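Take a look at the letters that make up each chain.
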Amino acid sequence: MHLAPTREGQAGAGRIHGRTDLSRLMKRVCAEIGARSYLLVEPAVERGPKGLRILASDWIYDALEELGGEGIFEIIESGYAAGLGETPRALPDPAPFLSPMQRLVLRDYGHAEMFARRLSVRGRTVFALFSAPRCGAIDPAALARASMMCSYALDGYLGATAQEPALAGVLSERQRECLKWVSEGKTTEEIALILGVSSNTINSYVAHAIQKFGASNRAMAIATAIRSGVI
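Residues numbered from 1 in each chain as written. Predicted model: local features only at pLDDT ≥ 70, side-chain atom pairs only at ≥ 80, totals over all residues. Heavy atoms only, no water.

Caption draft 1: Layout of the packing of aromatic side chains. Inspection of the entire model under this criterion finds one aromatic pair. Both rings, one in Tyr 80 and one in Phe 97, keep their centres 6.1 Å apart while their planes meet at 40 degrees; by these two values the pair is tilted. A residue pair is termed long-range when its members are at least 10 positions apart, and Tyr 80 in the loop between helix H3 (61-76) and strand S3 (81-83) and Phe 97 in the loop between S3 and helix H4 (100-108) qualify at 17 residues. We note Arg 89 situated over the ring of Tyr 80; from NZ or CZ to the ring centre the distance is 4.3 Å. (Phe/Tyr/Trp six-rings, centres within 6.5 Å; stacked < 30°, edge-to-face > 60°. Helix = DSSP H or I, 4+ residues; strand = E, 2+ residues; numbered from the N terminus. Lys NZ or Arg CZ within 6 Å of the ring centre and 35° of its normal.)

Caption draft 2: Representation of the sheet that holds S3 within the structure. The strand order across the open sheet formed by five strands is S2-S1-S5-S4-S3, and the pairing between neighbours is mixed. Bordering the open sheet on either side are strand S2 (52-57) and S3, each of which pairs with just one other strand. Each adjacent strand pair in this sheet contributes to an overall mean axis angle of 30 degrees, direction not counted. Where strand S1 (residues 37-43) lies against strand S5 (residues 124-132), five bridges are found, and the strand directions are antiparallel. Of the residues in S5, the one forming a bridge with Leu 39 is Leu 129. On top of the sheet, H3 reaches S1, S2, S3, strand S4 (113-121) and S5; it is set at about 110 degrees to S2, its chief contact. (Pairing = 2+ DSSP bridges. Axes fitted to C-alpha atoms, helices over the stretch in contact; angles between N-to-C directions. Contact = heavy atoms within 4.5 Å.)

Caption draft 3: Region of interest: the confidence of the model for the protein. For the protein, per-residue confidence averages 86 on the pLDDT scale, and residues scoring 70 or more make up 90% of the total. Mean pLDDT in the protein bottoms out at helix H1 (residues 7-13), which sits at 49, and peaks at H4, which reaches 95. (pLDDT = per-residue confidence, 0-100.)

Caption draft 4: Broad picture of the nonpolar core. Ranked by internal contacts, the top residues of the largest apolar core, which has 29 residues, are Leu 22, Met 26, Ile 33, Leu 40, Phe 130 and Leu 154. Every element with two or more residues in this core is listed here: helix H2 (19-33), S1, S2, S4, S5 and helix H5 (143-160). (Core = buried A, V, L, I, M, F, W, Y, C linked by side-chain atoms within 4.5 Å. Buried < 20%, exposed > 50% of the residue type's maximum accessible area, 1.4 Å probe, protein only.)

Caption draft 5: Representation of H3 within the structure. If you check H3, its first and last C-alpha atoms are just 19 Å apart, much less than what 16 residues at 1.5 Å a residue would give, namely 22 Å. The largest bend in H3 comes to about 85 degrees, at Gly 68. All buried positions along H3 are accounted for by Ala 63, Leu 64, Leu 67, Gly 68, Gly 71, Ile 72, Phe 73, Ile 75 and Ile 76. (Expected span 1.5 Å × (residues − 1). Bend = angle between axes of the 7 residues up to and from the residue.)

Caption draft 6: Main features of the pattern of salt bridges. Scanning the model with the defined rule gives 13 salt bridges in all. Arg 174 is the partner of Glu 177 in a salt bridge, and the nearest nitrogen-oxygen pair spans 3.4 Å. Here Glu 177 and its partner Arg 174 are both found in helix H6 (residues 173-183), three residues apart, which amounts to about one turn of the helix. Residue Glu 177 is classed as partly exposed on the basis of its relative accessible area of 23%. Of the charged contacts, one joins Lys 180 and Glu 184 as a salt bridge, the two residues approaching to 2.8 Å between their closest N and O atoms. Note on Glu 184: relative accessible area 46%, which makes it partly exposed. Counted as one network, the salt bridges with shared partners bring together Arg 28, Glu 32 and Arg 145. (Salt bridge = Lys/Arg side-chain N within 4 Å of Asp/Glu carboxyl O.)

Shown next, in the form of structure tokens:
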């Protein structure tokens, strides 16, 4: 669900004209909630099934390199990324979905405590990761306001930099429609009836969508489409 930025978020974030403004705002948010570091990242399916795009971060390069895109992907897909209106939960320590080496990397580089927030901005799903070197440093009660400020800041940043969803042109309109109906539980025959084409045509649309996303099945393609704001 997309929520428009609130007056509170607008007042807290101020005008965002580019990455410098966005980074400055994110550092301020970190200070308000007790975090030391932030990472803004979104899925980038055109880079592969677990592809990611970092929008802004103050993590040191070695931490990102050693954790790797796969480690970050596991964090945002872990189920601990709370959306607006949902209760925030810190990632468990140790995090069972990360390898021992990935857990060690997070601790060594000062990310012992981490909260992940899921934001929907301009049809895109962006994840904000807030971390601190010790557990209990981040104030969960302050994360709601922080999320609204981040949403407003990202809205301004994406608008100012004229960035559009990277996946907008990946699927045809028919392929997108088919995935949407599949996600709502419709069978191939039902979708064929709705769209006025044959079942074979529907299967072809879905198969091509799966292929374009680099997914292995319908469920993965649907998850990718929803996560990336395509449907």
